[in-house]
Amino acid sequence: MSEDRVVVITGASSGIGAGLAIGLGRDGFRLVLGARSQEKLRAVAEEAAPQGLALAVECDVTRRQNVEKLRDVALERFGRVDVWVNNAGRGILRPVLELTDEDIDEMMAVNLKSAVYGMQTIIPYFIERGRGHVINVSSALARFPNAPLRSAYNAAKAALNAVSANVRMDLNRQGANDVHVSVVMPGIVPTEFAVHAKYSRGPLAKLPSGALQPQSIDEVVQVMRHIIDEPRAEAFTNPAAAELVQRYIKDVGAFEAQL
């Protein structure tokens, strides 16, 4: 069945964001795609919806005005927004004791503040409209320390999980029962994310002991597509992650020692 819901996706020029855009476009969703790389973004928009139902909007998500512009373009073009996906993010490869102020500030700006800007921009509209859905793309690393070198990235994603939960509680208290905030937590996905991480030394050559096995972008998109249709608070895209989280919570010290 064809869809006509309007979905805004940040970080849509590559990886999970691009995969989600293309998948939703094939199902007939209207799309507003944001990213800094205009050439790549336009290519994704054309592949997702060649009949002009996907807009490519240059957007630096670390700038609040850019995020607000993304909302305004969506409303002007399609008249509404149904789903907003905060997907933009960047990794890092540096242990905690070597992090600089700049490292921490960048990881928080790209992975946390950008999503806060997105929620602050779109949720008041959703409340006024009476319905809507935010999906924040986090990481399984927000729940357990399988990759300590990701350090500030992991911390930013853990903070994203926390603020998402706080927003859900606020919405519950306001009685905004049809405004949803979901957190989706992928594990290892073979994209260029590792290559573009700060201080990257190229693709990950060897997985750490006990790490989740990689899954495809399509597998992640399938989970996100299900979340769009049936909102829920949190979801791991790799079922094995839930078992790892339970092991970690049960005995943090033992889990860390095994790593």
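Residues numbered from 1 in each chain as written. Predicted model: local features only at pLDDT ≥ 70, side-chain atom pairs only at ≥ 80, totals over all residues. Heavy atoms only, no water.

1. Describing the sheet that holds strand S1 (residues 6-10)
Point 1. Spatially, S3-S2-S1-S4-S5-S6-S7 is the arrangement adopted by the seven strands of the open sheet, whose pairing is parallel. For this open sheet the edge positions go to strand S3 (54-58) and strand S7 (234-236), each flanked by a neighbour on one side alone. Mean inter-strand twist for the sheet, computed between neighbouring axes without regard to direction, equals 15°.
Point 2. Across three bridges, the pairing between strand S6 (residues 179-185) and S7 is parallel. Each bridged residue has a counterpart across the sheet, and for methionine 185 the counterpart in S7 is phenylalanine 236.
Point 3. Seen against the sheet, helix H1 (residues 15-26) touches S1, strand S2 (30-35) and strand S4 (83-86) and runs at an angle of roughly 165° to S1.
Point 4. Against the sheet, helix H2 (residues 38-48) engages S2 and S3, with an angle of about 170° to S3. (Pairing = 2+ DSSP bridges. Helix = DSSP H or I, 4+ residues; strand = E, 2+ residues; numbered from the N terminus. Axes fitted to C-alpha atoms, helices over the stretch in contact; angles between N-to-C directions. Contact = heavy atoms within 4.5 Å.)

2. Some details on unusual backbone geometry
Point 1. Not every positive phi belongs to a glycine, and serine 151 is a case in point at roughly 20°.
Point 2. Among the structural elements, serine 151 can be located in helix H5 (residues 151-174).
Point 3. On the basis of relative accessibility, which here comes to 7%, the residue serine 151 falls in the buried class.
Point 4. Within the chain, tyrosine 199 stands out as a residue other than glycine whose phi angle is a positive 70°. (Buried < 20%, exposed > 50% of the residue type's maximum accessible area, 1.4 Å probe, protein only.)

3. A few points about the pairing of strand S5 (residues 132-137)
Point 1. Burial within S5 is extensive, with six of its six residues counted as buried.
Point 2. Covered by surrounding structure in S5 are Gly132, Val134 and Asn136 together with His133, Ile135 and Val137, the residues of both alternating faces.
Point 3. Looking at chain direction, S4 and S5 are connected through four bridges and run parallel. In the sheet register, valine 83 faces S5, and the bridge partner there is histidine 133.
Point 4. Of the crossover connections in this fold, the one passing from S4 over helix H4 (residues 101-129) to the parallel S5 is right-handed. (Right-handed = clockwise from strand over helix to strand, strands pointing away.)

4. What about the packing of aromatic side chains?
Point 1. The final tally for this structure, using the stated rule, is four aromatic pairs.
Point 2. On the numbers, 5.1 Å between centres and 70° between planes, the contact of tyrosine 248 with phenylalanine 255 is edge-to-face.
Point 3. According to the relative accessible area criterion, tyrosine 248 is buried, its value standing at 17%.
Point 4. The structure contains a cluster of three or more aromatic residues connected by ring pairs, namely Phe144, Tyr248 and Phe255.
Point 5. Positioned above the aromatic ring of tyrosine 199 is the side chain of arginine 94, whose terminal nitrogen or guanidinium carbon lies 3.8 Å from the ring centre. (Phe/Tyr/Trp six-rings, centres within 6.5 Å; stacked < 30°, edge-to-face > 60°. Lys NZ or Arg CZ within 6 Å of the ring centre and 35° of its normal.)

5. Quick look at the nonpolar core
Point 1. Ranked by size, the top nonpolar core spans 31 residues in total, and within it Ile9, Leu31, Leu33, Val85 and Met224 carry the most contacts.
Point 2. Among the elements that line this core, the one with the most residues is H1, at six residues.
Point 3. For valine 85, the contacting residues outside a window of four places in its chain are Val7, Val8, Ile9, Thr10, Leu20, Ile135, Val137 and Met224.
Point 4. Ranked by size, the runner-up nonpolar core spans 26 residues in total, among them Met119, Ile122, Tyr125 and Ala176. (Core = buried A, V, L, I, M, F, W, Y, C linked by side-chain atoms within 4.5 Å.)

6. So, the packing of H4 against H5
Point 1. Interaxial distance between H4 and H5 falls to 8 Å at its minimum, and their mutual angle equals 15°. The angle between the axes of H4 and H5 places the two elements in the roughly parallel class. Seen from above, H4 lies across H5 with right-handed handedness. Residues Met107, Met108, Asn111, Leu112, Ala115, Val116, Met119, Ile123 and Ile127 of H4 lie in contact with H5, whose contacting residues are Ala152, Tyr153, Ala155, Ala156, Lys157, Ala159, Leu160, Val163, Val167, Leu171 and Gln174.
Point 2. A per-class count over the contact of H4 with H5 returns 17 nonpolar, two polar and one charged. (Parallel < 35°, antiparallel > 145°, perpendicular 65-115°, else oblique. Left-handed = near helix turned anticlockwise from the far one by under 90°. Nonpolar A, V, L, I, M, F, W, Y, C, P; charged D, E, K, R; others polar.)

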